[in-house]
Protein chains: 2
Amino acid sequence: MASPELVALAQPYLAPFLTEAVAERYRFVDLGQQPGVAPDARAVVVDGGRPFDASLREAMPRLGLIACFNAGYDGIDVEWARKHGIIVTHARHINHEDVADFAIGQVLNVYRKIGLGDRWVRDGSWQSGNRLMTRSIAGLRLGIVGLGGIGQALARRADAMRMVTSWWGPHHKSGVPWPRASSLIDLAAESDALVIAASAKPSNRGLISASVIEALGPGGMLVNVARGSLVDEAAVILALMRGTLGAAVLDVYDEEPTSPDRWAGVPNVFLSPHIAGVTDLAMRRMVELLGANLDAFFKGEPVPTPVSLAA
Amino acid sequence: MASPELVALAQPYLAPFLTEAVAERYRFVDLGQQPGVAPDARAVVVDGGRPFDASLREAMPRLGLIACFNAGYDGIDVEWARKHGIIVTHARHINHEDVADFAIGQVLNVYRKIGLGDRWVRDGSWQSGNRLMTRSIAGLRLGIVGLGGIGQALARRADAMRMVTSWWGPHHKSGVPWPRASSLIDLAAESDALVIAASAKPSNRGLISASVIEALGPGGMLVNVARGSLVDEAAVILALMRGTLGAAVLDVYDEEPTSPDRWAGVPNVFLSPHIAGVTDLAMRRMVELLGANLDAFFKGEPVPTPVSLAA
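Residues numbered from 1 in each chain as written. Chains lettered and ligands numbered in written order. Predicted model: local features only at pLDDT ≥ 70, side-chain atom pairs only at ≥ 80, totals over all residues. Heavy atoms only, no water.

Notes on the interface of chain A and chain B
As a reminder, the rule being used: Here a residue-residue contact requires only that any non-hydrogen atoms of the pair lie within 4.5 Å. When two components associate, each loses some accessible surface as probed by a 1.4 Å sphere; the sum of these losses over both components is called the buried area. Each reported salt bridge corresponds to a side-chain nitrogen of Lys or Arg within 4 Å of a carboxyl oxygen of Asp or Glu. Here a helix means four or more residues in a row that DSSP labels H or I, a strand means two or more in a row labelled E, and each is numbered from the N terminus.
Contact residues are listed per partner, giving 57 residues for chain A and 57 residues for chain B. Across the interface of chain A and chain B, roughly 4900 Å² is buried in total on both sides, 64% from carbon and sulfur atoms. Ranking the residues of chain A by area buried against chain B places Arg112, Trp126 and Arg131 of chain A at the top, with a combined share of 15%. If you look at where chain A meets chain B, you find six salt bridges. Ionic pairing is found between Asp98 of chain B and Arg162 of chain A, a salt bridge with its closest N-O pair at 2.7 Å. The dominant element in the side of chain A that touches chain B, judged by the number of residues it contributes, is helix α4 (residues 96-111) of chain A, at nine residues.

Written out as structure tokens, the structure is:
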């Protein structure tokens, strides 16, 4: 293809995920390796979860599109972009089912002692005559914070596994079969497992506060597959150390990658390296959608998945 | 209660599970600690998965009931019992949903790298800049061997998680929405994950043979939550060592408890100490049902859950 458009890539780690089809249609310039070397770029591809450096606009004065590779766009000041006539796109409804699978997998891992069971067999605990009892998830009271794509996918799985789902979010939703709790604190108090599935915004930073964690209590489990910013991480660690929170499952953190030192000696915490939505299938579909957004933008057509300011 | 009936307990480990209500209604004699000391016992409580010592009948000439604490009764020669006028009961349809939960949890653990993710964060792999890619279970081809209570519970969960389910069993089943494969080998060849959910019988010992494992292949995962006897365990180990089987998830074994030495150095094997059906809820309900079977037997009424010879 003659004279392909120039596209800047803000995070170098994204480069290996770009499939041949997308990589061939555009000239990608890696800002990580050559910052400021794409003055002609009209589009930049970013990890929407990382803070977008507004000074990049000065380095790319023709910038008209910030294309988030992933679903989250909490790193982008969408209002600022709109004012400057910059379109923001993201990977809407691509990996919400994968994230829900992962959250359910972690609930099963904790309740049914899947990781512990493996250690029991290997370290001889079973052979020494002990028997491991696990907790049934039948009737487990699942509380979902944020009943969007992930939250609803989670609730459908929970229904099939005979859990009892409630949810909370700032807005009422019509046409959903699961009851909305009167408040976040009430939801936490009435839940065995509280799964955070809300999109992160400046307004909900620290939403899962020490009070919410206290309400969840020593019999409760916190699962965060959304964003680290939504949870008061220091309060979670303190509650786990004191035993005032039963367990925590964290895929996202204040700082990523999180330091192993932060978690050494913290009991009942199950960690993962921000992989809830990172699957082979999701990556393929995210690259396809990225290509579709770039194609539309450069053709001057409406982009398939713009970020909605109303959301 | 005056002069409660005498009930023998074949496996001492079952004693702690007997709730107060059941323990109060009968005098339990532990055969493990005092073999042959219950000549008057008319009922014996057993783990149905362990071989039943027929000589116990000589020690208990009045024996009329073998009450299996659990669902499986492969340790009991039901035909022999029938000939001697001994009723056999078991815990039918108590923990099949728990077993299905566990199997799904293990599929998620392997595909979504739940255990590995925790190790990655803790050992610094994430911090060193690596990223972990996982496999989506969307479209995963699930093969179920034995579409009974466990198999159907499993298929319902798989539907909610957008897997594609097929099954095989020796008999056709009407009214089920999942297609039956033309043979076990075909099912294995067409499955990403093959879950064994059949009840064990002398006729299906070693059903999952080296040929079935070969058909499942290097991209396939074997999950056994049924009985060790159904699977050629040596062939599984050999296939894992050679890489001709992708992964194995084993909750049951040739010999239980299995020796840790048997699995040291075997790659891609995920172990658990026979806990797929062992939950707090299931135990409570199994004890209740055991009590109901004992009560009916001693009153001369039909027992609630006799083993069916036709099954």
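Observations regarding the nonpolar core
Just so we agree on the cut-off: The criterion is simple. A nonpolar core is a set of buried Ala, Val, Leu, Ile, Met, Phe, Trp, Tyr and Cys residues joined through side-chain atoms within 4.5 Å. For every residue, the accessible area (1.4 Å probe, protein chains only) is compared with the maximum for its type, and the residue is labelled buried under 20%, exposed over 50%, or partly exposed between those bounds.
By size, the foremost hydrophobic cluster in this structure holds 71 residues, and its most contacted members are Leu142, Met163 and Met221 of chain A together with Leu142, Met163 and Met221 of chain B. Discounting chain neighbours no more than four positions away, the residues touching Met163 of chain B are Ile104, Val107, Ile137, Gly139, Leu140, Leu142 and Ala158 of chain B.

Overview of the pairing of strand β2 (residues 26-30) of chain B
For a regular strand, the rule is simple: side chains alternate between the two faces of the sheet. All names here are of chain B. As a reminder of what qualifies: Only strands that DSSP links by at least two bridges are regarded as paired with each other. Note on handedness: a crossover is taken as right-handed if, strands pointing away from the viewer, the path from the first strand over the helix to the second is clockwise.
Relative to β2, strand β1 (residues 5-9) runs parallel, the two sharing five bridges. For Ala8, the partnering residue across the bridge sits in β2 and is Val29. What joins β1 to β2 is helix α1 (residues 20-25), and the crossover it makes is right-handed.

Regarding the packing of helix α4 (residues 96-111) of chain B against helix α6 (residues 149-160) of chain B
Two measures define how a pair of helices packs: the angle their axes make with one another and the distance between the axes. All names here are of chain B. Basically, it comes down to this: Axis lines are fitted through C-alpha atoms, for helices just across the contact stretch, and the angle between N-to-C directions can take any value from 0 to 180 degrees. An angle counts as roughly parallel when it lies under 35 degrees, as roughly antiparallel when it exceeds 145, as roughly perpendicular when it falls between 65 and 115, and as oblique in every other case. Left-handed is the label given to a crossing in which the near helix is rotated counterclockwise from the far helix by less than a right angle, and right-handed is the label when the rotation is clockwise. Residue classes follow a fixed rule: Ala, Val, Leu, Ile, Met, Phe, Trp, Tyr, Cys and Pro count as nonpolar, while Asp, Glu, Lys and Arg count as charged, and any other residue, Gly among them, counts as polar.
Interhelical geometry of α4 versus α6 gives an angle of 50° and a closest axis separation of 8 Å. Put simply, α4 runs oblique to α6. Where α4 crosses over α6, the two elements pack in a sense that is right-handed. For the pair α4 and α6, contact is made by His96, Glu97, Val99, Ala100, Asp101, Ala103 and Ile104 and by Gly149, Ile150, Ala153, Leu154, Arg156, Arg157 and Ala158, respectively. Among the residues forming the contact of α4 with α6, the class breakdown is eight nonpolar, two polar and four charged.

Remarks on the UniProt feature "domain: D-isomer specific 2-hydroxyacid dehydrogenase catalytic" (unreviewed entry) in chain A
Threshold: UniProt positions are given in the numbering used here, feature names are shortened, and annotations may be inferred rather than shown by experiment.
Sequence positions flagged by UniProt for "domain: D-isomer specific 2-hydroxyacid dehydrogenase catalytic" (unreviewed entry) are, in local numbering, residues 38-307 of chain A. Helix makes up 33% of residues 38-307 of chain A and strand makes up 13%, while its end C-alpha atoms are separated by 24 Å.

Looking at α6 of chain B
What counts, and what does not: Working rule for helices: expected span equals 1.5 Å times residues minus one.
A rise of 1.5 Å per residue sets the reference length of α6 of chain B, with its 12 residues, at 16 Å; its end C-alpha atoms lie 17 Å apart and thus fit the reference within 8%. Every buried residue of α6 of chain B is listed here: Ile150, Gly151, Ala153, Leu154, Ala155, Arg157 and Ala158 of chain B. In this structure, the buried residues of α6 of chain B make contact with α6 (149-160) of chain A together with α4, β6 (141-145), β7 (164-168) and β8 (193-196) of chain B. In the stretch just after α6 of chain B, Arg162 of chain B is the one whose phi turns positive, near 55°.

Some remarks on the sheet that holds β2 of chain B
Residues and elements named next belong to chain B. Pairing within the open sheet is parallel, and its five strands lie in the order β2-β1-β3-β4-β5. The open sheet is flanked by β2 and β5 (87-89), the only strands paired with a single partner. Shown here is a sheet whose adjacent strand axes are inclined to one another by a mean of 25°, direction ignored.

Regarding the UniProt feature "domain: D-isomer specific 2-hydroxyacid dehydrogenase NAD-binding" (unreviewed entry) in chain A
Listed under "domain: D-isomer specific 2-hydroxyacid dehydrogenase NAD-binding" (unreviewed entry) in the UniProt record, and renumbered for this structure, are residues 105-276 of chain A. Along residues 105-276 of chain A the backbone is 30% helical and 15% strand, and the end-to-end C-alpha distance reaches 10 Å.

Some thoughts on the domain arrangement of chain A
Residue and element names in this part refer to chain A. Put simply, the rule is: Those domain boundaries reflect an automatic or database domain assignment.
For chain A, the assigned domains are domain 1 (5-94 + 279-299) and domain 2 (96-271). Taking the mean C-alpha position of each, domain 1 and domain 2 sit 32 Å from one another. Between domain 1 and domain 2, the contact holds eight residues from the first and five residues from the second. Carbon and sulfur atoms supply 45% of the area buried between domain 1 and domain 2, which totals about 520 Å² over both sides. Applying the counting rule to domain 1 against domain 2 returns one salt bridge. Of the charged contacts in the structure, one is a salt bridge between Arg227 and Asp74, with a shortest N-O distance of 2.8 Å.

Examining the sheet that holds strand β1 (residues 5-9) of chain A
All names here are of chain A. With parallel pairing, the five strands of this open sheet are ordered in space as β2-β1-β3-β4-β5. Each end of this open sheet is capped by a strand with a single partner; those strands are β2 (26-30) and β5 (87-89). Put simply, the sheet's adjacent strands are angled 25° from each other on average, direction ignored. As paired elements, β1 and strand β3 (residues 43-46) share three bridges and run parallel to each other. Of the residues in β3, the one forming a bridge with Ala8 is Val44.

Overview of the packing of aromatic side chains
Our working definition: Note on aromatic contacts: the rings of Phe and Tyr and the six-membered ring of Trp form a pair at centre separations within 6.5 Å, being stacked when their planes are under 30 degrees apart, edge-to-face when over 60 apart, and tilted otherwise. Only when the NZ atom of a Lys or the CZ atom of an Arg is both within 6 Å of the ring centre and within 35 degrees of the ring normal do we say a charge sits over the ring.
Taken as a whole, this structure holds 14 aromatic pairs over all chains when the rule is applied. Centre to centre, the rings of Tyr13 of chain B and Phe17 of chain B are 6.5 Å apart; their planes meet at 85°, and the pair counts as edge-to-face. Grouping aromatic residues by their ring pairs yields a cluster made of Tyr13, Phe17 and Phe69 of chain A. Taking NZ or CZ as reference, Arg262 of chain A lies 6.0 Å from the ring centre of Trp263 of chain A, over its face. For the cation-ring pair, Arg135 of chain B lies above Tyr111 of chain B, with the distance from its terminal atom to the ring centre recorded as 3.9 Å.

Concerning α6 of chain A
Those residues of α6 of chain A that fall on the buried side of the exposure criterion are Gly151, Ala153, Leu154, Ala155, Arg157 and Ala158 of chain A. Where α6 of chain A is buried, its residues touch α4, β6 (141-145), β7 (164-168) and β8 (193-196) of chain A together with α6 of chain B.

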